[in-house]
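Coordinates in review
Below, each chain spelled out in residue letters.
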Amino acid sequence: MSITLEEARQIIADMVDSPALRTHMRSVEIVMRALAEKAGEDVEQWGITGLLHDADYCRYPDEHPNRIVAMLRDRGEEAIAHAISAHYTQWGVSYDSQLDKALLAADELTGFIIAVARVRPNKLADLTPKSVKKKLKDKSFAAGVERAEVHAGVELLGVDLTDHIQFIIDALRPYEAELF
């Protein structure tokens, strides 16, 4: 892999002004690293994919994710670029690898879990899949999170929704102080 974590962090520093978006991208990085470890995949590559998936959103929202995808392709990072180009089903990009599927399964649901934890007094400490699933049914809560994307990601990755929610909560818990 030619892109390093330090280089990925520099891209974020240069392109992302929003603290909330930086936190989201970091949380997806954490989950992607955990998913890679579980699947026996390249933890660094998967983590960088999670970290960079929304890198161009602040500066180029109408072109997202084309700018970051082009930048990564120019660096020879085709696997990362493809996964990022596919992290929203409405873009019509194929899901060719586990990396592609994992990013889709991690992105929206991780953001949603963070949103649920933010309104709880104990944040992630006592958060359960049952609480997350209850909030998923409430369309007015975190209305920007597309529930269809959550379900598509879980289905493509081939995991149970409840188990995947618990996995994400468990992956994020050690980083709670950093994320909140």
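In short, a report on the structure.

1. Points about the layout of surface pockets
Put simply, the largest pocket is a space of about 410 Å³. For the lining of the largest pocket, the secondary structure elements donating two or more residues are α2 (19-39) and α6 (98-118). Looking at the lining of the largest pocket, its residues break down into 7 nonpolar, 5 polar and 5 charged.

2. Concerning the side chain of Thr-110
Within the fold, Thr-110 resides in helix α6. Judged by relative accessible area, which is 0%, Thr-110 ranks as buried. Filtering out sequence-adjacent residues up to four positions away, Thr-110 remains in contact with Ser-27, Val-28, Val-31, Ile-168 and Leu-172.

3. Details of the packing of α6 against helix α9 (residues 161-172)
Describing two packed helices takes the angle between their axes plus the distance from one axis to the other. Closest axis-to-axis distance for the α6/α9 pair is 10 Å, and the angle between their directions is 70°. Between α6 and α9, the angle is such that the two are roughly perpendicular. In this structure, the crossing between α6 and α9 has a hand that is right-handed. Residue-level contacts link Ala-105, Ala-106, Leu-109, Thr-110, Ile-113 and Ile-114 of α6 to Leu-161, His-164, Ile-165, Ile-168, Ile-169 and Leu-172 of α9.

4. Examining helix α7 (residues 129-137)
Within α7, the full set of buried residues consists of Pro-129, Val-132 and Leu-136. Mapping the buried residues of α7 onto a view down its axis gives an arc of 65°, with all of them on the same face. What points out from α7, more than 90 degrees from its buried face, is the exposed set Lys-130, Lys-134 and Lys-137.

5. Considerations on the pattern of salt bridges
Taken as a whole, this structure holds 9 salt bridges when the rule is applied. A salt bridge links Asp-126 to Arg-120; the nearest nitrogen and oxygen atoms lie 3.2 Å apart. Connected through salt bridges with shared partners, the residues Arg-26, Glu-29, Arg-33, Glu-44 and Glu-178 form a single ionic network.

6. Description of α6
With 21 residues, α6 extends 30 Å from end C-alpha to end C-alpha; this agrees with the ideal 30 Å at 1.5 Å per step. Across the 21 residues of α6, 17 count as buried, placing the element largely inside the fold. At the N-terminal end of α6, a side-chain oxygen is found 3.3 Å from the backbone nitrogen of Leu-99, two or three residues along, and the residue is Ser-97.

7. Observations regarding the packing of aromatic side chains
Counted by the stated rule, this structure contains 2 aromatic pairs. A centroid spacing of 5.3 Å and a plane angle of 70° characterise the contact between Tyr-88 and Trp-91, whose relative ring orientation is edge-to-face. Given a relative accessible area of 31%, Trp-91 falls into the partly exposed group. Between the aromatic rings of Phe-112 and Phe-141, the centroid separation amounts to 5.6 Å while the plane-to-plane angle is 85°, which identifies the pairing as edge-to-face. One end of the pair, Phe-112, is in helix α6; the other, Phe-141, is in the loop between α7 and α8 (147-157), with 29 residues separating them in the sequence. A relative accessible area of 13% means that Phe-141 is categorised as buried.

Rules used throughout
- The residue numbering used here restarts from 1 in each chain and proceeds along that chain's sequence as written.
- Residue-level local features of this predicted model are given only where pLDDT is at least 70; pairs of side-chain atoms are given and counted only at 80 or more, and the full residue set underlies all totals for whole chains, interfaces and linings.
- As a rule here, side-chain values cover all heavy atoms of the structure and leave hydrogens and water aside.
- Here a cavity denotes a set of grid points, spaced 1 Å apart and computed over the protein atoms alone, in which a 1.4 Å probe fits but from which it cannot get out, and a pocket denotes an open set meeting protein on both sides within 12 Å along at least five of seven lines; residues with an atom within 4 Å of a point are reported as lining.
- Grid points are joined across faces, edges and corners, and a volume is the space filled by probe spheres set on the points.
- Secondary structure elements follow DSSP: runs of H or I of four or more residues count as helices, runs of E of two or more count as strands, with numbering from the N terminus.
- Each residue is assigned to one of three groups, with Ala, Val, Leu, Ile, Met, Phe, Trp, Tyr, Cys and Pro labelled nonpolar, Asp, Glu, Lys and Arg labelled charged, and all others, Gly among them, labelled polar.
- Burial status follows relative accessibility: with a 1.4 Å probe on protein chains alone, a residue under 20% of its type maximum counts as buried, one over 50% as exposed, and anything between as partly exposed.
- In what follows, a contact means two residues having at least one pair of non-hydrogen atoms within 4.5 Å.
- Lines fitted to C-alpha atoms define the axes here, with helix axes fitted over just the stretch in contact, and angles between the N-to-C directions of these axes take values from 0 to 180 degrees.
- Roughly parallel covers angles under 35 degrees, roughly antiparallel covers those over 145, roughly perpendicular covers 65 to 115, and oblique covers all other angles.
- Helix crossings are classified by the rotation of the near helix relative to the far one: an anticlockwise turn of less than a right angle makes the crossing left-handed, while a clockwise turn makes it right-handed.
- Arc, as used here, means the arc of the directions from the helix axis to the C-beta atoms.
- We define a salt bridge as a side-chain nitrogen of Lys or Arg found within 4 Å of a carboxyl oxygen belonging to Asp or Glu.
- Expected span of a helix, by definition, is 1.5 Å for each gap between consecutive residues, and there is one gap fewer than residues.
- The definition of a polar contact used here is a pair of N or O atoms within 3.5 Å, where within protein one atom must be able to donate a hydrogen and the other to accept one, and adjacent residues in sequence count solely through side-chain atom pairs.
- Pairing of aromatic rings covers Phe, Tyr and Trp, the last through its six-membered ring, and needs centres within 6.5 Å; plane angles under 30 degrees mean stacked, over 60 mean edge-to-face, and all others mean tilted.

Scope: geometric values only; no functional claims are made or implied.
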